[in-house]
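If you want the building blocks of each chain, they are given just below.
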Amino acid sequence: MKKLPDAEFDIMKVVWANDPPVTTHIIMQQLGNERGWKAQTVISLMLRLMERGFIRTEKKGRERMYFPLITKEDYLKFETGDFMERFHANSFFSLVATLYAGNKVKDSDLDQLEKWLKEKRE
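Residues numbered from 1 in each chain as written. Predicted model: local features only at pLDDT ≥ 70, side-chain atom pairs only at ≥ 80, totals over all residues. Heavy atoms only, no water.

Asker: Help me understand the overall build of the protein, please; the structure alone is not making it clear to me.
Answerer: When helices and strands are counted, the protein shows six helices and three strands. Secondary structure of the protein in N-to-C order comes out as α-β-α-α-β-β-α-α-α. Here the C-alpha coordinates of the protein stretch approximately 55 × 30 × 25 Å along the principal axes. Looking at the protein as a whole, 28% of its 122 residues qualify as buried. Restricting to contacts in the protein with at least 6 residues of sequence separation, those with at least 24 account for 48%. (Helix = DSSP H or I, 4+ residues; strand = E, 2+ residues; numbered from the N terminus. Buried < 20%, exposed > 50% of the residue type's maximum accessible area, 1.4 Å probe, protein only. Contact = heavy atoms within 4.5 Å.)

The structure is reproduced here in C-alpha cells:
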C-alpha cells in the first residue's frame, strides 16, 4: 500500500462514507462541487485510485460505479504506522509527549488514556 495524495484521500473518504457503489455524481455532490472540480477531474482521480488498487469499477449503462477494495480502517492503520515510524521511531511515548508539549492533549484525554492503559494491562 502507498500513501495517497490529499485529493485522492479526500475522494476515498467520500467512498468510505457511502454505501457502495459510489458514482462520479455522488463524489461531485459531496466533494467536487465544493472544490470547484470538473467531472473529468474526479474521473481522473478515480482512475488513479483504480490503478493503485484502492477501488474497482463496474459500468451500468452510462454510469460507472465504484467499489472500495481497501477499508478505511486498513488505510488508517497503514498511515498511522508510517507516521509513527517516520516521526516517532515507533515510540508511543514520543507521540504523546509531542502532543502534550504542543498543548494538544486535554486533561480529559489523559484520563481516557490512563483508563485505556489500565485496561490493556489487565
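Asker: Sorry, what's going on with the packing of helix α4 (residues 72-88) against helix α5 (residues 92-101) here?
Answerer: The relative placement of two packed helices comes down to the angle between their axes together with the axis-to-axis distance. Orientation of α4 relative to α5, taken along the N-to-C sense of each, is 80°, at an axis distance of 10 Å. In terms of orientation, α4 and α5 fall into the roughly perpendicular class. Of the residues in α5, those touching α4 at F83, M84 and H88 are F92, S94, L95 and T98. A per-class count over the contact of α4 with α5 returns four nonpolar, three polar and no charged. (Axes fitted to C-alpha atoms, helices over the stretch in contact; angles between N-to-C directions. Parallel < 35°, antiparallel > 145°, perpendicular 65-115°, else oblique. Nonpolar A, V, L, I, M, F, W, Y, C, P; charged D, E, K, R; others polar.)

Asker: I'm lost on the packing of helix α2 (residues 24-35) against helix α3 (residues 39-51) in this one. Help?
Answerer: Orientation of α2 relative to α3, taken along the N-to-C sense of each, is 115°, at an axis distance of 10 Å. One way to sum up the angle between α2 and α3 is to call them roughly perpendicular. Crossing geometry of α2 relative to α3 is assigned as right-handed. Contact residues: T24, I27 and M28 in α2; A39, V42, I43 and M46 in α3. (Left-handed = near helix turned anticlockwise from the far one by under 90°.)

Asker: Even after reading the chapter, I still don't get the pattern of salt bridges, so can you show me in this structure?
Answerer: Note that side chains of opposite charge can pair when their charged atoms are close. Here the structure, examined in full by the defined rule, presents seven salt bridges. Measuring nitrogen to oxygen at the nearest pair gives 2.7 Å for the salt bridge that ties E8 to R52. Here R52 lies in the loop between α3 and β2 (55-60) and E8 lies in helix α1 (residues 6-17), a separation of 44 residues in the sequence. With a relative accessible area of 1%, E8 lands in the buried category. A single network of salt bridges, built from pairs that share partners, joins E8, R48 and R52. (Salt bridge = Lys/Arg side-chain N within 4 Å of Asp/Glu carboxyl O.)

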